[in-house]
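Chain residues, written in single-letter form:
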Amino acid sequence: MNWRNTAERYGAVAIGFHWIVAVLVITLLAVGLVMTDMKPGPDMFKIYATHKSIGIMVLGLVVLRLLWKLTNPRPASLPTHRTWERLLAKAVHLFLYFAIIAMPLSGWIMSSAKGFPVSVFGWFTLPDLVAPDKDLSKAANEFHELIAYTLIVAIVLHFSGALKHHLIDKDGTLRRMLPCPCRGKGDRE
Ligand code: HEM
Ligand code: HEM
């Protein structure tokens, strides 16, 4: 398997970035929703700190992923994809990229504005993005929550699209994002 993307399929690096970020983002969404219902205490603070550290890790991975994307071709849509499918997939991918940048940034701004510097796994502390500001912290919190719920809808749509292509259309859309050499109807290699 190639490290780099080809015109037909994603390469090992893009596939690695996709699945590592996907697992981390889905975990962060679940942990975020659970931790905000916890009673304040050492467990809650530990989970908040881990949520923030992993969230910043996602931001770092997304920056590297975008740099890699800039230097690689994007596999072309399969000839079996209809126009509405291409447009919908493109819009959802754009939103997913927006969300995985906006979530960590709004979290970082929220923490800075609350006066809590962000420590990454206790290894180092990030500079504050803004000075303490109650209104800004509230706005960043609301934005973080709104994008989180919209992201859940987008992931469900994205996941359903991938499953539809795999199970109903039986084309190679999902296979080309997997480290799997298997082929099927509609694959171009
Ligand atoms: C892709 C990255 C991230 C995802 C998917 C994510 C997801 C979430 C979710 C689903 C919630 C619960 C929302 C609610 O019901 O209020 C949440 C809350 C929170 N997140 Fe994140 N988050 C991410 C990154 C970050 C980062 C990097 C930070 C800080 C550096 C952060 C700080 C917080 C804080 C402080 C809360 C609690 C807000 C409150 O107490 O109401 N998040 N996050
Ligand atoms: C839940 C399971 C998931 C499945 C089955 C899945 C499947 C796929 C597949 C098959 C593609 C390639 C689409 C194509 O070739 O047109 C893709 C692309 C993509 N996925 Fe996922 N995905 C999942 C989760 C996620 C999550 C959680 C995120 C981010 C929050 C994400 C972000 C993306 C992005 C941004 C692309 C576009 C990649 C590019 O061309 O630059 N995916 N996904």
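Owing to the predicted nature of the structure, the values given are computational and were not obtained by experimental measurement. For every chain, the first residue of the written sequence is number 1, and numbering continues from 1 onward in sequence order. A letter from A marks each chain and a number from 1 marks each ligand, given out in the order of writing. Confidence filtering applies because this is a predicted model: local features only for residues at pLDDT of at least 70, side-chain atom pairs given and counted only at 80 or more, and all residues used for totals across whole chains, interfaces and linings. As a rule here, side-chain values cover all heavy atoms of the structure and leave hydrogens and water aside.

Q: Give me the packing of helix α1 (residues 12-35) against helix α4 (residues 134-168): which residues, what numbers.
A: Two elements in contact, α1 and α4, have axes whose closest approach is 11 Å; the angle formed by their N-to-C orientations is 135 degrees. Between α1 and α4, the crossing angle belongs to the class labelled oblique. The chirality of how α1 crosses α4 is left-handed. Every residue of α4 that contacts α1 at His18, Val25, Ile26, Leu29 and Leu33 is listed here: Ala148, Tyr149, Leu151, Ile152, Ile155 and His158. Residue polarity is assigned by list, with Asp, Glu, Lys and Arg as charged and Ala, Val, Leu, Ile, Met, Phe, Trp, Tyr, Cys and Pro as nonpolar; anything else, Gly included, falls into the polar class. Grouping the amino acids of the contact of α1 with α4 by side-chain chemistry returns 9 nonpolar, 2 polar and no charged. To obtain each axis, a line is fitted to C-alpha atoms, and for helices this fit is confined to the stretch in contact; angles are then taken between N-to-C directions over 0 to 180 degrees. Strands are runs of DSSP state E lasting at least 2 residues, helices are runs of H or I lasting at least 4, and numbering of each runs from the N terminus. Here roughly perpendicular refers to angles of 65 to 115 degrees, roughly parallel to angles under 35, roughly antiparallel to angles over 145, and oblique to all remaining angles. In this scheme the crossing of two helices becomes right-handed for a clockwise turn of the near helix relative to the far one and left-handed for an anticlockwise turn of less than a right angle. We call two residues in contact whenever any of their non-hydrogen atoms come within 4.5 Å of each other.

Q: Now, about the site of ligand 1: what can you tell me, with residues and values included?
A: We call a residue near a molecule or strand as soon as one heavy atom of that residue lies within 4 Å of the molecule or strand. In the vicinity of ligand 1, 23 residues are found, and the nearest of them are Gly32, Tyr48, His51, Asn141 and His144. Whenever two N or O atoms come within 3.5 Å, that pair is a polar contact, provided that in protein one can donate a hydrogen and the other can accept it, and provided that, for residues adjacent in sequence, both atoms are side-chain atoms. For ligand 1, an oxygen atom lies 3.2 Å from a polar atom in the side chain of Asn141. In this structure, His144 approaches ligand 1 through a side-chain N or O atom, which is 2.8 Å from a nitrogen atom. At the level of secondary structure, the elements contributing two or more residues to the shell around ligand 1 comprise α1, α2 (42-70), α3 (83-114) and α4. Class assignment of the residues belonging to the shell around ligand 1 gives a composition of 13 nonpolar, 8 polar and 2 charged.

Q: Requested: an account of the coordination of the iron atom of ligand 2, with residues and values cited.
A: Only nitrogen, oxygen and sulfur atoms qualify as donors, provided they sit within 2.8 Å of the metal or within 3.2 Å for Na, K and Ca; with water excluded from the atoms, sites may seem incomplete. All of the protein donors around the iron atom of ligand 2 are His18 (NE2) and His158 (NE2); their distances to the metal are 2.0 Å. One can describe the site at the iron atom of ligand 2 as octahedral: its 6 donor atoms subtend angles covering 87 to 179 degrees at the metal. In this pair, His18 sits in helix α1 while His158 sits in helix α4, placing the two residues 140 residues apart along the sequence. Buried means the residue's accessible area, taken with a 1.4 Å probe over protein chains only, is under 20% of the maximum for its type, while exposed means over 50%, and partly exposed covers the values in between. The exposure class assigned to His18 is buried, which follows from its relative accessible area of 13%. For a four-donor site, all angles between 85 and 135 degrees give tetrahedral; for four or six donors, opposite pairs above 155 degrees with the remaining angles between 65 and 115 give square planar or octahedral; all remaining cases count as irregular.

Q: If you had to explain the site of ligand 2 to someone new, which residues and values would you point to?
A: By nearness alone, 20 residues border ligand 2, and Tyr10, His18, Lys69, Tyr97 and His158 come closest of all. At a separation of 2.7 Å, an oxygen atom of ligand 2 approaches a polar side-chain atom of Tyr10. Interatomic distance of 2.7 Å between a side-chain N/O atom of His158 and a nitrogen atom of ligand 2. Looking at the shell around ligand 2 residue by residue, the classes come out as 12 nonpolar, 4 polar and 4 charged.

Q: Give me the lowdown on α1, citing residues and values where you can.
A: Take the residue count of a helix, subtract one, and multiply by 1.5 Å to get its expected span. With 24 residues, α1 extends 34 Å between its outermost C-alpha atoms, agreeing within 8% with the 34 Å of an ideal straight helix rising 1.5 Å per residue. Buried residues along α1 sit in contact with α2, α3 and α4.

Q: Which residues make up the nonpolar core, and what values do they have?
A: Val21, Val25, Val58 and Leu151 are the most contacted members of the largest nonpolar core, which totals 18 residues. Those elements that provide at least two residues to this core are α1, α2, α3 and α4. If we ignore the near neighbours within four places in the chain, the residues touching Val25 are Val58, Ile100, Leu151 and Ile155. Think of a nonpolar core as a cluster: buried Ala, Val, Leu, Ile, Met, Phe, Trp, Tyr and Cys residues, connected wherever their side-chain atoms sit within 4.5 Å. With 6 residues, the next largest nonpolar core counts Trp108, Val118, Val120 and Leu126 among its residues.

Q: Could you give an account of the packing of aromatic side chains, naming the residues involved and the relevant values?
A: Ring pairs are drawn from Phe, Tyr and Trp, using the six-membered ring of Trp, whenever the two centres fall within 6.5 Å, and their geometry is named by plane angle: stacked under 30 degrees, edge-to-face over 60, tilted for the rest. Enumeration according to the criterion identifies 2 aromatic pairs in this entry. Taken together, a centroid distance of 5.9 Å and an interplanar angle of 50 degrees make the contact between Phe95 and Phe98 tilted. Placement of both Phe95 and Phe98 in helix α3 is noted, with a separation of 3 residues, approximately one turn of the helix. According to the relative accessible area criterion, Phe95 is partly exposed, its value standing at 21%. Judged by relative accessible area, which is 41%, Phe98 ranks as partly exposed. On the numbers, 4.9 Å between centres and 45 degrees between planes, the contact of Phe121 with Trp123 is tilted. Here the basic side chain of Arg4 rests over the ring of Trp68, its NZ or CZ set 5.8 Å away from the ring centre. Should the NZ of a Lys or the CZ of an Arg lie within 6 Å of a ring centre and within 35 degrees of the ring normal, that charge is described as sitting over the ring.

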